[in-house]
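Chain residues, written in single-letter form:
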Amino acid sequence: MKQVLMTLIGVLVCASAFATSMEEARAVKEKIKPALSAMQGVAGIGLAYCDAETGAESTAAKEVVACVAIRTQTELAEQALLALYPRGSQVEGVYLSIRYVGRVVIHPRMSGGN
């Protein structure tokens, strides 16, 4: 019983730490969003899960933290951002994940069902 209780406490502490990292990541995102949105070639700014040690986007890492995900429409924009924020860079302790995704296109749905 004591082992189960200790495990539960450990899980709750980890969940609390992740919630804090998500709040921190959200605050950093809101802080840098105006400048990034003004950059040509930035497709979107959101939140993701990153490896706590490397800052690489991952949901399978041993320990994950919330990070700011920046997506670009052009490779040139990705290179410009990586020159400012090399892989593994942090802003106020929050990792930035920068990735080229290409042009984002929204396709209209032709029917209401799947």
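For the structure itself, consult the block above.
Keep in mind that this is a model prediction, so the values were computed, not measured. (Residues numbered from 1 in each chain as written. Predicted model: local features only at pLDDT ≥ 70, side-chain atom pairs only at ≥ 80, totals over all residues. Heavy atoms only, no water.)

Q: How do you make sense of the nonpolar core when you look at a structure like this?
A: Generally speaking, a soluble globular protein has its nonpolar side chains buried in company with each other. Core analysis: the biggest nonpolar cluster contains 15 residues, and Val28, Ile32, Leu36, Val68, Ile70 and Leu81 have the highest contact counts within it. Among the elements of the structure, α1 (2-37), β1 (42-51), β2 (64-72) and β4 (94-100) are those that each provide at least two residues to this core. Contact partners of Val28, with chain neighbours within four places excluded, come to Val68, Val91, Glu92 and Val94. Within the second largest apolar cluster, 6 residues are counted, among which are Ala48, Cys50, Ala69 and Tyr95. (Core = buried A, V, L, I, M, F, W, Y, C linked by side-chain atoms within 4.5 Å. Buried < 20%, exposed > 50% of the residue type's maximum accessible area, 1.4 Å probe, protein only. Helix = DSSP H or I, 4+ residues; strand = E, 2+ residues; numbered from the N terminus. Contact = heavy atoms within 4.5 Å.)

Q: Looking at this model, I keep getting lost on the sheet that holds β1. Mind explaining?
A: Strands belonging to one sheet form pairs held by backbone hydrogen bonds; the direction of such a pair is parallel or antiparallel. Strand order in the open sheet made by the 4 strands is β1-β2-β4-β3, with mixed pairing throughout. Both edges of this open sheet fall to β1 and β3 (90-91), since each of them pairs with a single strand only. The pairing of β2 with β4 spans 5 bridges and is classified as parallel. Each residue of the ladder has a partner; that of Val68, found in β4, is Leu96. Of the strands in this sheet, β1, β2 and β4 touch helix α2 (residues 75-84), which is tilted by about 155 degrees from β4. (Pairing = 2+ DSSP bridges. Axes fitted to C-alpha atoms, helices over the stretch in contact; angles between N-to-C directions.)

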